[in-house]
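# Remarks on the overall topology
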Amino acid sequence: MTKPNLREPSEDLPAAPEARRIDLPSADGRPADVEMARVLGTTPFHMALDSSGAGIAHWKHEPLHDVVEPMTHHVIMAYNGMTQRMERRTGKSVAIGTFRPGVVIIIPEGSSSRWDIPKPVDVVQLYLPHTMLERVAREADTAAPTDLLERTAHPDPITSRLLLTAADAMEGNGALDTLFRHQLTDLLTTRLLAAHTGSPTTFQPTLGGLPPSALRRAIERLRSDSDADVSLAALASDAGLSRFHFCRSFKESTGLSPHAWLRQHRLEQAMNMLRDTDDSVVSIAAALGYSSQTAFAAAFRKLTNETPGEWRRRTR
């Protein structure tokens, strides 16, 4: 699936026989990753899912001429490919748009449309359970509506840019990747509530950081070399806050998001080990939780513009 560029003009054109909008109970739809695999006829380039089915997937697929059936998640897409025209039919409504960077597509939970996309597609998708929309709205103390609007090639560079970063942020480190994905999902959900529901949502700013004791516990958990749970849910629960308020308060206290703080801490650990030990790059990568030397080297270079070996030779 992919992204269009024009807003969905509704025309009185005959609908394709199989095109329809069906608002079904979620039990009657497929999980988003299952339906996407079926309709796209391929496997994702990258995918990370939670037990709820919430997650992020990066797809590269061939032209599409098929119906996307109802799903049990909202699907939000950011396009990352060549500019091209496409068509989406939902019942008698026809949306003709242009896929290009900076636009988003939203397929609300339980809806169905026929898609005609003539060229190959590169797209990043967010799979969002409706319960997550409700949770973030509740934690943000807003009475915003939580029914997402159907969007076709809708200009929204903020949401698009946020979602596309997910495709480049899988560093091969389980703790870092999961924490980043949870933070990004909450941030995207907040953005969706603000920009893609029936009426604009205003979020009240949260002032002040974490109490010193809560900040100390959070940092101890993040620094732990054991199997301590460093998920966003665990960090927030330990502080007695919602995920939404914990992230805001942690950043107020440290100047960094939990994910950015942990990434910086892992980088400092890596530098100390490279400088002060003769451990191989492979063993350092394993000790810091990276899935491979390649993943570790890519993450290290992204932050320092040097490979671990280059940095070690320069600092010794």
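Structural notes, computed from the coordinates.

Cut-offs used in this document
Residues numbered from 1 in each chain as written. Predicted model: local features only at pLDDT ≥ 70, side-chain atom pairs only at ≥ 80, totals over all residues. Heavy atoms only, no water. Helix = DSSP H or I, 4+ residues; strand = E, 2+ residues; numbered from the N terminus. Buried < 20%, exposed > 50% of the residue type's maximum accessible area, 1.4 Å probe, protein only. Contact = heavy atoms within 4.5 Å. Areas by Shrake-Rupley, 256 points an atom, 1.4 Å probe, with all protein chains shown as cover. Pairing = 2+ DSSP bridges. Axes fitted to C-alpha atoms, helices over the stretch in contact; angles between N-to-C directions. Polar contact = N/O pair within 3.5 Å; in protein donor to acceptor, adjacent residues only side chain to side chain. Phe/Tyr/Trp six-rings, centres within 6.5 Å; stacked < 30°, edge-to-face > 60°. Lys NZ or Arg CZ within 6 Å of the ring centre and 35° of its normal. Parallel < 35°, antiparallel > 145°, perpendicular 65-115°, else oblique. Nonpolar A, V, L, I, M, F, W, Y, C, P; charged D, E, K, R; others polar. 1 Å grid on protein atoms, 1.4 Å probe; cavity = no way out; pocket = protein on both sides within 12 Å on 5 of 7 lines; lining within 4 Å. Points joined across faces, edges and corners; volume = space filled by probe spheres on them. Salt bridge = Lys/Arg side-chain N within 4 Å of Asp/Glu carboxyl O.

### Focus on the overall build of the chain
Scanning the chain from terminus to terminus reveals 11 helices and 10 strands. Expressed as a percentage of its 316 residues, the buried residues of the chain come to 53%. Counting only contacts in the chain whose residues sit at least 6 apart along the sequence, the fraction spanning at least 24 positions is 78%. Taken as a whole, the chain presents about 14100 Å² of accessible surface, with 52% of it coming from carbon and sulfur.

### Regarding the pairing of strand E10 (residues 151-155)
Of all 5 residues that make up E10, 4 are buried, and the element is covered over most of its length. For strand E7 (residues 103-107) and E10, the ladder comprises 3 bridges, and the chain directions are antiparallel. Residue pairing in the sheet places Val 103 in a bridge with Pro 155 of E10.

### Remarks on the sheet that holds strand E1 (residues 46-49)
Spatially, E1-E2-E9-E4-E7-E10 is the arrangement adopted by the 6 strands of the open sheet, whose pairing is antiparallel. Every other strand in the sheet has two partners, leaving E1 and E10 as the edge strands with one partner each. Direction aside, neighbouring strands of the sheet carry axes that sit 25° apart on average. Together, E1, strand E2 (55-61), strand E4 (74-79), E7 and strand E9 (121-128) form the strand contacts of helix H1 (residues 32-40), whose direction differs from that of E2 by roughly 0°.

### What about the side chain of Thr 304?
Mapped onto the secondary structure, Thr 304 falls in helix H10 (residues 293-304). Here Thr 304 falls in the buried class, since its relative accessible area comes to 18%. Within the local environment of Thr 304, its side chain forms a polar contact with the backbone oxygen of Glu 306, the two atoms lying 3.1 Å apart. The residues contacting Thr 304, other than those within four sequence positions of it, are Leu 267 and Met 271.

### Some words on the packing of aromatic side chains
On inspection of all chains with the given rule, the structure shows 5 aromatic pairs. Within the aromatic cluster, the residues linked to one another by ring pairs are Tyr 290, Phe 296, Phe 300 and Trp 311. A cation over an aromatic ring shows up here: Lys 60 above the ring of Phe 45, its NZ or CZ 4.3 Å from the ring centre.

### Points about the packing of helix H5 (residues 212-223) against helix H7 (residues 243-254)
Interhelical geometry of H5 versus H7 gives an angle of 95° and a closest axis separation of 11 Å. As judged from the angle between their axes, H5 and H7 are roughly perpendicular. Mapping the contact onto sequence places Leu 215, Ala 218, Ile 219 and Leu 222 in H5 and Phe 246, Phe 250, Ser 253 and Thr 254 in H7. Looking at side-chain class alone, the contact of H5 with H7 contains 6 nonpolar, 2 polar and no charged residues.

### Observations regarding empty space enclosed by the protein
A water-sized probe, rolled over the atoms, reveals where empty space remains. Going through the model one piece at a time under the given rule, you end up with 1 cavity of 30 Å³ or more. A volume near 60 Å³ is recorded for the largest cavity. Along its surface, the largest cavity is lined by Arg 263, Arg 266, Leu 267, Ala 270, Tyr 290, Phe 296, Ala 299, Phe 300 and Leu 303. Of all the elements in the fold, those that place two or more residues in the lining of the largest cavity are helix H8 (258-276) and H10. Its residues assigned to classes, the lining of the largest cavity comprises 7 nonpolar, no polar and 2 charged.

### As for the pattern of salt bridges
For the structure on display, the rule yields 14 salt bridges. Across the pair Glu 150 and Arg 88 runs a salt bridge, and its minimum N-O distance is 3.3 Å. Linking Glu 150 in the loop between helix H2 (130-139) and E10 with Arg 88 in strand E5 (residues 84-90), this pair joins segments that are 62 residues apart in sequence. Each member of the pair, Glu 150 together with Arg 88, is buried. Between Asp 238 and Arg 221 there is a salt bridge whose closest N-O contact spans 3.9 Å.

### Remarks on the sheet that holds strand E6 (residues 93-99)
Pairing within the open sheet is antiparallel, and its 4 strands lie in the order E3-E8-E5-E6. Every other strand in the sheet has two partners, leaving strand E3 (64-68) and E6 as the edge strands with one partner each. On average, each strand axis in the sheet is tilted by 15° relative to the strand beside it, whichever way the strands run. With 7 bridges joining them, E5 and E6 adopt antiparallel strand pairing.

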